[in-house]
Amino acid sequence: MKNIDLSELDRILKLKSKYDSGDIDIDMISPQDYEVMNLLYKSELNEKNSEIKKIRDEINEIYTLMEEVVNNNENKE
């Protein structure tokens, strides 16, 4: 992918925002702009997947701690 300047990035982000809100259709976007938008979507998706993994790991840790507490209480009885 070619390097883009900040004004170009700003233009693409505005275009993406309009597309996301339904103000414009896909056929109103050039293939080059759509390619950049897809990269932005992939980046967003990767970030969300990373957040999901972090939350999943935290839930597993809490579950493990809860199991330990339950097991300790059962052993005391």
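Residues numbered from 1 in each chain as written. Predicted model: local features only at pLDDT ≥ 70, side-chain atom pairs only at ≥ 80, totals over all residues. Heavy atoms only, no water.

A.B. asks: What is the right way to read the side chain of D33 from this model?
C.D. replies: Looking at the secondary structure, you find D33 in helix α2 (residues 31-76). Dropping the residues within four chain positions of it, D33 is found in contact with E8, R11, I12 and L15. (Helix = DSSP H or I, 4+ residues; strand = E, 2+ residues; numbered from the N terminus. Contact = heavy atoms within 4.5 Å.)

A.B. asks: Where do I start with the pattern of salt bridges in this structure?
C.D. replies: Any two side chains of opposite charge can pair, on the condition that their charged atoms come close. If you walk through the whole model with that rule in mind, you get 6 salt bridges. Of the charged contacts in the structure, one is a salt bridge between R11 and D33, with a shortest N-O distance of 2.8 Å. Of this pair, R11 sits in helix α1 (residues 6-20) while D33 sits in helix α2, and the two are 22 residues apart along the sequence. Exposure remark for D33: the relative accessible area of 10% places this residue in the buried category. With a shortest N-O distance of 3.0 Å, K16 and D20 are connected by a salt bridge. Here K16 pairs with D20, and both are found in helix α1, just 4 residues apart, close to one helical turn. Since its relative accessible area comes to 6%, K16 is described here as buried. Taken together, the shared-partner salt bridges connect E8, R11 and D33 into one network. (Salt bridge = Lys/Arg side-chain N within 4 Å of Asp/Glu carboxyl O. Buried < 20%, exposed > 50% of the residue type's maximum accessible area, 1.4 Å probe, protein only.)

A.B. asks: I tried to follow α1 on my own but got confused; where do I start?
C.D. replies: Every α-helix winds through 3.6 residues per turn, so residues three or four apart in the chain are directed the same way. With 15 residues, α1 ought to run about 21 Å at 1.5 Å a step, and its terminal C-alpha atoms sit 21 Å apart, in line with that. All buried positions along α1 are accounted for by I12, L15 and K16. Within α1, the buried residues cover an arc of 100° as seen down the axis, which keeps them to one side. Of the exposed residues in α1, the ones pointing more than 90 degrees away from its buried face are L6, S7 and K14. Here the buried face of α1 lies against α2. (Expected span 1.5 Å × (residues − 1). Arc of directions from axis to C-beta.)

A.B. asks: What is the right way to look at the nonpolar core in this model?
C.D. replies: One broad rule of soluble globular proteins: the nonpolar side chains tend to lie buried together. Core analysis: the biggest nonpolar cluster contains 6 residues, these being I12, L15, I24, I29, V36 and M37. Those elements giving two or more residues to this core turn out to be α1 and α2. When residues no more than four places from it in sequence are discounted, the contact partners of I29 are L15, Y19, I24, Y34 and M37. (Core = buried A, V, L, I, M, F, W, Y, C linked by side-chain atoms within 4.5 Å.)

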